[in-house]
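# Residue-level structure breakdown
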Amino acid sequence: MISFEEALEIARQRKEKIDNCTEYENAFVFGFSGDEGYVGGYGHTPVVIRKEDGRVLTMPEFICDGIGKEIRSFDI
């Protein structure tokens with residue numbers, strides 16, 4: 001299991017601007033509010049970090065892998 005801080009560090013290596021997070025049972029989903037209104041596209045999608053091992057997932061992988069219960073959403 002990785003911590004929130006470790007997950008955020010991994011996510012910031014993939015996405016420069018991050019200002020929010022939604023925590024699920026199985027992963028952290030990091031995003032940027034400025035990406036709202038975009039549909040897909042490089043750099044505009046959320047970064048998903050699996051809690052179990054810190055693996056970076058795409059949103060489709062995350063959904064297929066099982067998102068689990070949403071725990072909280074918050075600004076960073």
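In what follows, the accompanying structure is described.

Reading the values: the criteria
- Counting restarts for each chain, with residues numbered from 1 along the sequence as it is written.
- Where local features are concerned, this predicted model is filtered to residues with pLDDT of at least 70; where side-chain atom pairs are given and counted, the filter is 80 or more; whole-chain, interface and lining totals use all residues.
- Based on all heavy atoms of the structure, the side-chain values leave hydrogens and waters out of the count.
- Helix numbering and strand numbering both begin at the N terminus, where a helix is a DSSP run of H or I of at least 4 residues and a strand a DSSP run of E of at least 2.
- When accessible area is computed with a 1.4 Å probe and restricted to protein chains, residues below 20% of their type maximum are described as buried, those above 50% as exposed, and intermediate ones as partly exposed.
- In protein, a polar contact means a hydrogen-donor-capable atom and an acceptor-capable atom, both N or O and within 3.5 Å, with residues adjacent in sequence counting only if both atoms are side-chain atoms; elsewhere, any N or O pair within 3.5 Å suffices.
- In this analysis, two residues are considered to be in contact whenever any of their non-hydrogen atoms come within 4.5 Å of each other.
- Relevant arc is that of directions from the helix axis to the C-beta atoms, nothing else.
- Between 30 and 60 degrees the pair is tilted, below 30 it is stacked and above 60 it is edge-to-face, where a pair is any two Phe, Tyr or Trp rings, Trp via its six-membered ring, whose centres lie within 6.5 Å.

Looking at the secondary structure, you find Arg50 in strand E3 (residues 47–50). According to the relative accessible area criterion, Arg50 is buried, its value standing at 14%. At 2.7 Å, the side chain of Arg50 and the side chain of Asp53 are in polar contact. For Arg50, the residues in contact, after removing those within four places along its chain, are Ile2, Asn26, Ala27, Arg55, Leu57 and Asp65.

Bringing the environment of Thr58 into the picture now. Its place among the elements puts Thr58 in the loop between strand E4 (56–57) and helix H2 (59–65). The partly exposed category is assigned to Thr58, whose relative accessible area is 41%. When the C-alpha positions of Thr58 and Val48 are compared, they lie 6.3 Å apart, and in sequence the two are ten residues distant.

Take helix H1 (residues 4–14) next. Among the residues of H1, Phe4, Ala7, Leu8 and Ala11 are the ones counted as buried. For H1, the buried positions fall inside an angular range of 100° around the axis, keeping them on one side. Of the residues in H1, the exposed ones pointing more than 90 degrees away from the buried face are Glu5, Glu9 and Gln13. The elements touched by buried residues of H1 are strand E1 (20–24), strand E2 (27–31), E3 and strand E5 (70–75).

Okay, the side chain of Lys15 next. Looking at the secondary structure, you find Lys15 in the loop between H1 and E1. When residues no more than four places from it in sequence are discounted, the contact partners of Lys15 are Gly31, Phe32, Asp35, Gly43, His44, Thr45 and Val47.

Another point: the packing of aromatic side chains. Scanning all chains against the criterion turns up five aromatic pairs. The interplanar angle of 40° and the centroid separation of 5.9 Å between the aromatic rings of Phe4 and Phe30 together place this pair among those described as tilted. Here Phe4 is found in helix H1, whereas its partner Phe30 is found in strand E2, with 26 residues between them in sequence. Overall, Phe30 belongs to the buried group, its relative accessible area being 0%. With centroids separated by 5.3 Å and ring planes inclined at 70°, the aromatic side chains of Tyr24 and Phe62 adopt a geometry described as edge-to-face.

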